[in-house]
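# Structural overview
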Amino acid sequence: TVTDDYKPSEDQRRLMAKREAMQVINARFAEFFVKNIHSDDGKKALSYAVSRWGKDFVDEKGIGFAPSDYSSIPDYIKKAGLNEELCLELGILKKSENGRLYGFYRNRLMIPILDRYNQVIGFTARDLSGMEDTAKYLNSSNSDCYNKSESIFGIDVALRQASKEDVFYCVEGAPDVLRLQQIGHNNAIAPLGGNWTEKQFESIKRYATKLCFVPDADPAKPDQAFAPGISYVRKHGKLAMRAGFTVLVKEIPLGEGNTKQDPDTFFTDRGKWNLIDEEDFIIWYARQ
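To continue, consider the nonpolar core. Where a protein is soluble and globular, its nonpolar side chains tend to be buried together. The biggest cluster of nonpolar side chains holds 59 residues, and the ones touching the most others in it are Phe-29, Phe-33, Trp-53, Ile-73, Tyr-105, Phe-123 and Phe-267. For this core, the element with the highest residue contribution is helix α1 (residues 10–37), accounting for 7 residues. When residues no more than four places from it in sequence are discounted, the contact partners of Tyr-105 are Phe-33, Ala-66, Pro-67, Ile-73, Ile-92, Met-110, Phe-123, Ala-125, Leu-138, Asn-139 and Ser-140.

Turning our eyes to something else, we now look at helix α4 (residues 72–80). When α4 is considered as a whole, its buried residues turn out to be Ser-72, Ile-73, Pro-74, Tyr-76 and Ile-77. Taken together, the buried residues of α4 touch α1, α5 (84–90), β2 (93–95) and β3 (101–103). Where α4 terminates, the next one or two residues include Gly-81, which has phi positive at roughly 70°.

Another point: the sheet that holds strand β6 (residues 137–139). Strand order in the open sheet formed by 4 strands is β1-β4-β5-β6, and the pairing between neighbours is antiparallel. In the strand order of this sheet, the two ends are held by β1 (64–66) and β6, each with one partner. In this sheet, adjacent strand axes meet at a mean angle of 35° when their direction is disregarded. Across 3 bridges, the pairing between β1 and strand β4 (residues 108–114) is antiparallel.

Our next topic: the sheet that holds strand β8 (residues 188–189). Across the sheet, which stays open at both edges, the 5 strands sit in the order β8-β7-β9-β10-β11 with mixed pairing between neighbours. Across the chains shown, the open sheet's two edge strands, defined by having one partner strand only, are β8 and β11 (279–280). As judged from the 4 bridges shared by strand β9 (residues 210–213) and strand β10 (residues 246–249), these two strands associate in the parallel manner. Looking across to β10, one finds that Cys-212 is bridged to Leu-248.

Analysis parameters
Residues numbered from 1 in each chain as written. Predicted model: local features only at pLDDT ≥ 70, side-chain atom pairs only at ≥ 80, totals over all residues. Heavy atoms only, no water. Core = buried A, V, L, I, M, F, W, Y, C linked by side-chain atoms within 4.5 Å. Buried < 20%, exposed > 50% of the residue type's maximum accessible area, 1.4 Å probe, protein only. Helix = DSSP H or I, 4+ residues; strand = E, 2+ residues; numbered from the N terminus. Contact = heavy atoms within 4.5 Å. Pairing = 2+ DSSP bridges. Axes fitted to C-alpha atoms, helices over the stretch in contact; angles between N-to-C directions.

Here it is in structure tokens:
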């Protein structure tokens, strides 16, 4: 018999306990945000989310809402007895220069980021104010619980289908993943820092041998050799090949009048998905 002699060091035990405590905080906040989307304050957010994905999907994914009020998050932390220091480290809570605590997420649709074990490790938050100087999406900051260069959005449901079909569909953002999941492609994944990393590709290699990129379609500016979506795939396709994947590309067309279009807006149903062929990356790259 083989005996398991592994004993974590004191530091490793402390880190594991800290991670668990952070995941508990994230899970409590996921509940808090869901409760808020069903409150009077969250009516507009709920209506936006339902019009985009449908009520069942919004419920299934635990999509919630962070109120506009600066104090709602600190008040909840106090009321729920959560660890303030860990909330600061997770980036849910912020401290102003004069020491006042306030919530980082305000008036945002809150989409939980789950790991492969279905634990909430962070959030991606969409702005609902529409104000020009406001970032459209905010993601959790790096912590002992979440790391943007290692975490993959959609991985909680992608592994099973990717193993079955031997392919992951790589898109640029969380809304694209949600759209593809909605039309039956649970093997859709996205990075949450813009770029894919070697670490992310290494972590999914044993589940599938193929990666298919589904880039945004956007017109190239006069000073650009390639449109951003094309450049994105050129860069990451090479990285995926170096990691040992067979790489494919499923390129969607530009919108009417040469306007930007992404997988979230283009793939409104399965029929549209079947209209776009998958092309070998090397042939696609040469054609570019």
